[in-house]
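As a plain string of letters, each chain reads:
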Amino acid sequence: MKNRQFKSESKKLLDMMINSIYTNKEIFLREIISNASDAIDKLYFRSLTDDKVGLKKKDFKIRISIDKEKRTISVSDNGCGMSEEDLDKNLGVIAKSGSLDFRNETEKTKGVEVIGQFGVGFYSAFMVSDKVTVISKAYGSDSAFAWESSGPDGYTITPCEKDSFGTTVIMHIKEDTETEKYSEFLDQYRISALIKQYSDYIHHPIVMAFTEKKAVEGKDGEFEDITEDRTLNSMTPLWKKARAQIKPEQYNAFYKEKFFDFEDPLHVIHTSTEGQATYKALMFIPRHAPFDYYTKDFEKGLALYCKGVLITEKCAELLPDYFSFVKGLVDSEDLSLNISRETLQQDAQLKLIARTIEKKIKSELEKMLKNEREKYEEFFKAFGVQLKFGAYDNYGANKDNLKDLLLFVSSFEKKPATLKEYVSRMKEGQDAIYYAAGETIDKIAMLPQCEAVIDKGFEVLYLTENVDEFTIRIMGEYEGKKFVNVCDKNLDLESEEDKKALEKANEENAEMLKQAKEAIGEKVHSVRFTNSLKNHPVCLNTEGEISLEMEKALNAMPGSSGQVKAQIVLEINENHDIAKKMISLFEKDKETFSKYAKLLYDEACLISGRAIDDPAAHSALVCELMTK
Ligand code: ADP
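Residues numbered from 1 in each chain as written. Predicted model: local features only at pLDDT ≥ 70, side-chain atom pairs only at ≥ 80, totals over all residues. Heavy atoms only, no water.

Engineer: Honestly, the sheet that holds strand β20 (residues 526-530) in this entry has me stumped. Any pointers?
Structural biologist: In a beta sheet, neighbouring strands are held together by backbone hydrogen bonds and run either parallel or antiparallel to one another. In spatial order, the strands read β20-β22-β21; together these three strands make up an open sheet with mixed pairing. The strands lining the two open edges of the sheet, one partner per strand, are β20 and β21 (538-543). Neighbour to neighbour, the strand axes of the sheet diverge by 35° on average, direction disregarded. Alignment of β20 against strand β22 (residues 567-573), held across five bridges, turns out to be parallel. Bridge assignment links S526 to a residue of β22, and that residue is V569. (Pairing = 2+ DSSP bridges. Helix = DSSP H or I, 4+ residues; strand = E, 2+ residues; numbered from the N terminus. Axes fitted to C-alpha atoms, helices over the stretch in contact; angles between N-to-C directions.)

Structural data, given as structure tokens:
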């Protein structure tokens, strides 16, 4: 018997497997089963054209056997089997493609990740075994051979006995260590759970003899061990069935079980694509955001299957961030062999699938928006912020892609509206999309500036989410219409005449306004008259890039030092009696004038929904003036 050497690349991989610190060692079973299934496929396809095979689909099986005493777990198949030469060629050399590059030592850790996510096939058995024996008889041959190895030192191939064609992989499970409990792989329940988890949709039955205690009939209190064969996998995955054959309840049950939700999904997307990318996908939009959705702990991704074998539970590359709320899976025929040799990020096929998946999700959302408005609004309540953030993120790289999926509550019926709807209702001559930001819709609606704009017959978008104004700003415009904050100093609604009159009033009272600013102090950037207010005496506006709401949002961000300041302008309604009062006080009683200025600033804060800086001082001042 000759001791044969592994090819050097294989030896390195084997070394890595044996010393693997990877915690997901359980995937070895998936790998061995998937090889067995491939081998059966090969013979099955042959049986379709070659009557001599003499087997029907139902005759093909994968059998798992556990021997606790010998510490072995075996996986047998009645597939094509391997000849002596095949054993040498297939199991002595790893990855013909060789894309796992082990020449560079620093790549080692990357290699471990690859194992974790995709496995590298047969050798993964060495993560849990100290000896692996493969007994195989090639279909059509009379002789069987045993391949055996205890690790990188080499392997042997010897003739042996085997009744029928096919392969049995016998894995001798390692002894337990302090940190690793390998014995779990000798437990029938654990193995059956692993098969359910990773190999449920392998399309040949995976059978195991289960031994369980059963009460002996007629003899009270007596039990005996009963052994019976059970098929552990369900074989036909829901997503491979035709849509017409699936009832909504089936989709719902599948979703809840697989994605641990207690509620039915809001929307199901079941799609099958052929052509450049061939895959089936079953995706769900949940009704509510998971509790950790808006935290950094949330992991996006779709489960990825190749020919029914689970490759990874969460393949992040399949979903863009803005659609990260989608749950589901993709099953592709294309990926199978390549993917186990490539890191996912580089896989062109996967990228192609991801692009078509994204398009599909988008078109489903567009359809929902058009045909099922209520449902879309429910969706948007749960995940709209994510879409808005998506439009803002990356300096607005995706804004055009997402802009028509966004909803903002509008002053028109106080209902969510798309930008398209807003623009379609614009008045003749209106060249801007007006918006106002604040804590709640009611508070925004009460903003003096808002009232003034609505009064002129314009519609205003009410922005209540922190992200809203950032999104709007990064978009800049929609269909050529600029977004304009109603609190913006440059809001241009007055006639030329009014503008001139206002300019004059501001110039004539420049000294008084300057004095008012001094009295209020750093809190305001300037004080001036306005004629755009109807009934309100005062309001707060801003100058420059940062609005009041943005100031709030930026300062609330994690890691912010709270130093962001909007440039606040206190505006006094020129047509209000208080304006006249201020002018006369400025001439007669400078001290009271200063107090009034402070009070007016506080009033403006209250009107715009801001807290006043010093409520005690405010109240003292009010009382002082009341008792005068
Ligand atoms: P992969 O399956 O990705 O090609 P593996 O290392 O898992 O890589 O297996 C190497 C090769 O060994 C397979 O391609 C196949 O030809 C052969 N092989 C493994 N297991 C079996 C089996 N149970 N029956 C027949 N051939 C097998």
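Engineer: Before we go on, may I ask you to explain the pattern of salt bridges in this structure?
Structural biologist: It is possible for side chains bearing opposite charge to pair when their charged atoms get close. Counted under the stated rule, the structure contains 47 salt bridges. One salt bridge in this structure joins R373 and E377, with 2.9 Å as the shortest N-O distance. Of this pair, R373 and E377 both sit in helix α9 (residues 373-396), four residues apart, which is roughly one turn of that helix. In this structure, E571 and R528 form a salt bridge, with 2.9 Å as the shortest nitrogen-oxygen distance. Of this pair, E571 sits in strand β22 while R528 sits in strand β20; the two residues are 43 residues apart in sequence, bridging distant segments of the chain. The class for E571 is buried, based on a relative accessible area of 6%. Relative accessible area serves as the criterion here: at 14%, R528 is assigned to the buried category. (Salt bridge = Lys/Arg side-chain N within 4 Å of Asp/Glu carboxyl O. Buried < 20%, exposed > 50% of the residue type's maximum accessible area, 1.4 Å probe, protein only.)

Engineer: Explain the pairing of strand β13 (residues 327-332) to me, please; I cannot follow it from the model alone.
Structural biologist: Residues in a regular strand project their side chains so that they alternate between the two faces of the sheet. Burial analysis of β13 places six of its six residues in the buried class, the great majority of the element. What you see with β13 is no split at all: K327, L329 and D331 on one side and G328, V330 and S332 on the other are buried throughout. With six bridges joining them, strand β10 (residues 279-285) and β13 adopt antiparallel strand pairing. In the strand pairing of β13, F284 is matched with K327. With four bridges joining them, strand β11 (residues 302-306) and β13 adopt parallel strand pairing. From the neighbouring strand, A303 faces β13, where its bridge partner is L329.

Engineer: How should I be thinking about the side chain of D50 in this particular structure?
Structural biologist: Checked against the element boundaries, D50 lands in the loop between α2 (27-49) and β1 (62-67). D50 gets classed as buried once you look at its relative accessible area, which sits at 17%. Only 2.9 Å separates the side chain of D50 from the backbone nitrogen of K52, close enough to count as a polar contact. (Polar contact = N/O pair within 3.5 Å; in protein donor to acceptor, adjacent residues only side chain to side chain.)

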